[in-house]
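If you want the building blocks of each chain, they are given just below.
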There are 2 protein chains.
Amino acid sequence: PLELIIMYGGYQSTKQNLDPVYSQIIDYVTKGDGSGKAYKNLATFVDRFGSRKVGTQRLEDAISHLVSELESLGSLKVHTESFSFEGWQRGAESAELVAPLSKRLPMLSLGSSVGTAAASDSADGSIEADCVVVESFNELDRLGKAGISGKIVVYNQLYKGYGVSVQYRTDGASRASKYGAVAALIRSVTPFSIGSPHTGMQEYEPGLPVQIPACCITVEDAELMHRIYKRGDKVRVRLRMSCGSAGVQESRNIVADLEGSEKPQELVVVCGHIDSWDVGQGAMDDGGGAFCAMQSVRTLLEMGLRPRRTIRLVLFSGEEFGILGGNAYYERHKAELADKISFMLESDSGTFGPIGTTCSGSEATRSAYQQVLNLLEPIGATTLVPSTDGPDITVWAKSGVPVGDLLTKRAGQPDDFYFYFHHSEGDMMTVQDPAEMDRCVAAFAVVSLALADAAELLPRGISGASAGEDGLLSDWVLV
Amino acid sequence: PLELIIMYGGYQSTKQNLDPVYSQIIDYVTKGDGSGKAYKNLATFVDRFGSRKVGTQRLEDAISHLVSELESLGSLKVHTESFSFEGWQRGAESAELVAPLSKRLPMLSLGSSVGTAAASDSADGSIEADCVVVESFNELDRLGKAGISGKIVVYNQLYKGYGVSVQYRTDGASRASKYGAVAALIRSVTPFSIGSPHTGMQEYEPGLPVQIPACCITVEDAELMHRIYKRGDKVRVRLRMSCGSAGVQESRNIVADLEGSEKPQELVVVCGHIDSWDVGQGAMDDGGGAFCAMQSVRTLLEMGLRPRRTIRLVLFSGEEFGILGGNAYYERHKAELADKISFMLESDSGTFGPIGTTCSGSEATRSAYQQVLNLLEPIGATTLVPSTDGPDITVWAKSGVPVGDLLTKRAGQPDDFYFYFHHSEGDMMTVQDPAEMDRCVAAFAVVSLALADAAELLPRGISGASAGEDGLLSDWVLV
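Here the structure is a predicted model, which is why all the values come from computation and not from measurement.

### As for the relation of the copies chain A and chain B
Overlay of chain A on chain B (RMSD 0.0 Å): rotation 180 degrees, translation along the axis 0.0 Å. What the rotation and shift describe, once combined, is the action of a two-fold rotation axis. Interface overlap between copies: 100% of the residues of chain A at the interface are likewise at the interface in chain B, consistent with a symmetric, same-surface contact.

### A word on the environment of Ser84(B)
All names here are of chain B. By the secondary structure assignment, Ser84 is in strand S1 (residues 77-89). Judged by relative accessible area, Ser84 falls into the partly exposed class, the value being 48%. Spatially, the C-alpha atoms of Ser84 and Val189 are 29 Å apart, while their sequence positions differ by 105 residues. Once residues lying within four places of it in the same chain are set aside, the contact partners of Ser84 are Val248, Gln249 and Glu250.

### Quick word on the interface of chain A and chain B
Contact residues are listed per partner, giving 37 residues for chain A and 37 residues for chain B. At the boundary of chain A with chain B, total buried surface from both sides reaches about 2,800 Å², with 56% on carbon and sulfur atoms. Considering only the side of chain A, the residues that lose the most area to chain B are Asp47(A), Ile194(A) and Glu425(A), jointly responsible for 24% of the buried surface there. On inspection of chain A and its partner chain B, the count reaches eight salt bridges. For Glu425(B), the salt bridge identified is with Arg104(A), shortest N-O distance 2.9 Å.

### Regarding helix H3 (residues 37-49) of chain B
For H3(B), spanning 13 residues, the distance from its first C-alpha to its last is 18 Å, which sits close to the expected 18 Å at 1.5 Å a residue. What H3(B) keeps buried is the set Ala38(B), Leu42(B), Ala43(B), Phe45(B), Val46(B), Asp47(B) and Phe49(B).

### Some points on the confidence of the model for chain A
All names here are of chain A. Predicted confidence across chain A gives a mean pLDDT of 94, with 93% of residues reaching 70 or more. Across chain A, strand S6 (residues 152-155) holds the top mean pLDDT of 99, while helix H1 (residues 14-17) sits lowest at 45. In this model residues 1-16 is a low-confidence stretch, pLDDT under 50, and it forms 23 contacts with partners more than four residues away in sequence or in other chains. Predicted confidence is poor over residues 465-474, with pLDDT under 50, and the contacts of this stretch with residues over four places away or in other chains come to 16 contacts.

### Here's the deal with the packing of H3(B) against helix H8 (residues 283-302) of chain B
Residues and elements named next belong to chain B. Between H3 and H8, the least distance of the axes is 9 Å, while the angle of their chain directions is 130 degrees. Regarding the angle of H3 to H8, the classification is oblique. The hand of the H3/H8 crossing is right-handed. Across the interface between the two elements, Lys37, Ala38, Asn41, Leu42, Phe45 and Val46 of H3 pack against Ala283, Gly287, Gly288, Phe291, Gln295, Arg298 and Glu302 of H8. In terms of residue class, the contact of H3 with H8 is built from six nonpolar, four polar and three charged.

### With respect to the domain arrangement of chain A
Residue and element names in this part refer to chain A. Taken domain by domain, chain A holds domain 1 (11-87 + 248-468) and domain 2 (91-242). For domain 1 and domain 2, the distance between their C-alpha centroids amounts to 35 Å. The partner domain 2 presents 15 residues to the twelve residues of domain 1 that form the contact. Summed over both partners, the interface of domain 1 with domain 2 comes to about 1,100 Å²; 69% of that surface belongs to carbon and sulfur atoms. Looking only at domain 1, the three residues that lose the most surface to domain 2 are Phe419, Tyr420 and His423, adding up to 44% of its buried area. Put simply, domain 1 and domain 2 have zero salt bridges between them. In this assembly, domain 1 and domain 2 are joined by four residue pairs in polar contact (both at pLDDT 80 or more). Class assignment of the residues belonging to the side of domain 1 that touches domain 2 gives a composition of six nonpolar, four polar and two charged.

Reading guide: rules and limits
- Residues numbered from 1 in each chain as written.
- Chains lettered and ligands numbered in written order.
- Predicted model: local features only at pLDDT ≥ 70, side-chain atom pairs only at ≥ 80, totals over all residues.
- Heavy atoms only, no water.
- Least-squares fit on C-alpha atoms with pLDDT ≥ 70 in both.
- Contact = heavy atoms within 4.5 Å.
- Helix = DSSP H or I, 4+ residues; strand = E, 2+ residues; numbered from the N terminus.
- Buried < 20%, exposed > 50% of the residue type's maximum accessible area, 1.4 Å probe, protein only.
- Buried area = accessible area lost by both parts, 1.4 Å probe.
- Salt bridge = Lys/Arg side-chain N within 4 Å of Asp/Glu carboxyl O.
- Expected span 1.5 Å × (residues − 1).
- pLDDT = per-residue confidence, 0-100.
- Axes fitted to C-alpha atoms, helices over the stretch in contact; angles between N-to-C directions.
- Parallel < 35°, antiparallel > 145°, perpendicular 65-115°, else oblique.
- Left-handed = near helix turned anticlockwise from the far one by under 90°.
- Nonpolar A, V, L, I, M, F, W, Y, C, P; charged D, E, K, R; others polar.
- Domains from an automatic or database assignment.
- Polar contact = N/O pair within 3.5 Å; in protein donor to acceptor, adjacent residues only side chain to side chain.

And the structure:
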């Protein structure tokens, strides 16, 4: 179709040249009729359904509820896409320091962990053993089989950013098992603690001869045990975990399309995940992300804005349990959609005040995408960080589909404030702020509409790969 | 005795006029041989004895251990002073939201609370009832008997500073009971939460016809229940608490005197409390205070400094359970010591970086005491806040004895950071910082030695009472 193409000449001219619809969206969501809705709807939802571990009836009920809600809007094409997986369930669990003194150790079994019963010689299925406390895998390797066999390994790794430190949670049990450890207690992966354990997934290496129980303990208790151990005193722990396989289970991703008026086969995807861990409410991880993405689509509907391309909302399931829904979606749609998706925007690292998004792809991708982000200048969310972040969608980046994760920050708090609450009892509505969520909704709505209405798909590409550099920097146009 | 009296002419002249011993103390503790000792000794102690609830063998063992340690120094006169009290013990306990959804509610029974068994018609001794959620006593009163009878009252009071908000913890059960409530769930008194309950004392009003169970829940869950309640939905909770009286128990205050060389009958008292709540380690409340006070006396010994007046270290017991030790000490010694104590300095609000102390008494008291605080200029701890703070010693202020509480602050954190951890599983060594504790030790040592060596006792008095204004502002001298 013949289009009025407004060449985008640079940041300064945004306001005078571009469609005022973007500032109307921002105004509608942050101070108009749309304000407060994401928070209110999320609160109602998480207060009703609570935590939503994949494999629970509660999650499936929550998914059915959202499907009905989205269908009731009347303007979206809604369906679900099932996948199956090997489930896991938490059971009764406890840990206690028994020497040199008795102390309850608040703990949470880690996802996919075996329980203690198989290795127990006690009527209650518990195991008890002396501990070795290490602060790194290097230290573990130095101790070797002689130092570790028959012991419980306690990891007291310093927090050095989530991406670095989470390796102890995911790999700690496998690596300790190779040296004959009987269990692994892992310091919760958080920069700050008030005595709360933070759960999450752990993974047994394929082919590992013995799978040992793995749980997280608090930062404080890991440090306690480390101090005692370094003094040369015996650290002894009793551990009981009744978790284990829940057999084959099913869950569903939700897909809801706001169909494009001109290029309905081309897509912009906004997304978050609807499952959560089983502590707290999953209001932050990822209720906030899912509801801000959803509210952005509802906002466009409420404002009567019909995009030229289809804006697809995907609410993934099973993210916490190994990106089950994200991977299922990719496998199902990669061939069909790899050259039809302009951009995928997820939010899975908090819906505090938005400051920008990540963006994968080539320089051309990012140069073009920066023009879109500049539309968020009124809410201060124009920062573009090159990255393939966005747990459910990062897999698409290897097909050259540009993906991004919403970046947010709570004013006055450190950048990693999100991890204070992540996978803990503290992941409750209390961490959410209505005005911050509104700005996240605005970011989703503006970015997705701008990309849905742009003259072209975002330039494809993989960062650094010449194959990806198929767009010229000055070429891409925002209409 | 004839003394060289250095008239203190003002702040600027401190450094050139005053005995260099004060800066020597500061140097010794913050960068010399004394540095890191308070932290190290506290860690060894709390890691060995753990939490120290009054009435436990563990606390009595810890007290005996400290008495031996203090005696082994060879230069202190050490004794203990027993007192008895009606004890209380925690039992198995749990709370669960049962409607509109099932959710475990992390909780802690409050000190002195009755259990649920007496009012239970269930085999496990639990009670279950619908909830009313209020955010203030005014709201409770408006609901009255008609709205509250037979219900569990949930208090979701906003945190408005510890002193204001703690009234809901102390009085919440009694006030709800008068309207026929069957239990009280109280939002933990903290400005910030990661899903942790904070325990503490509650008090039944004398003569209350029915004593009902009282426990704390998390900030997040109080807000959750309040949101549900405000939507008009039923909030229903099952509560099981097996706590109750532990009969008559005994504990002991520790008193250790570094005898004065010239006026051994006159005292400066440095103190903290050695008991703690039964969650975490009591490393902050009040391990830090007790060990900084103790280390200050050890510092004077190590440096060979003999004060002119006696510096008395008191490690109180039973503070958490109604200031039992502090009150016992006062009753035992008020007649004998009211005119012999120059000053009592406690630390029971954290041993982060010291910024000054409170000081009770008359204007004359504070004017004189400010001269002492100015000696702490090298560590930036010269702030004097008029107040009778210092839980174990505030009772002495009514006898005209000047008392103070060490004021501290963690850099980059809010003033009430202490209450993030207070009475929670987060009260562990992790909150302590060695360098901050060193400066607290220095503050204790400098203030106590300066007052022990001063020409006179600090001017007596009660703030605002003319009877207390018996010192002239320019009169008091620091030698």
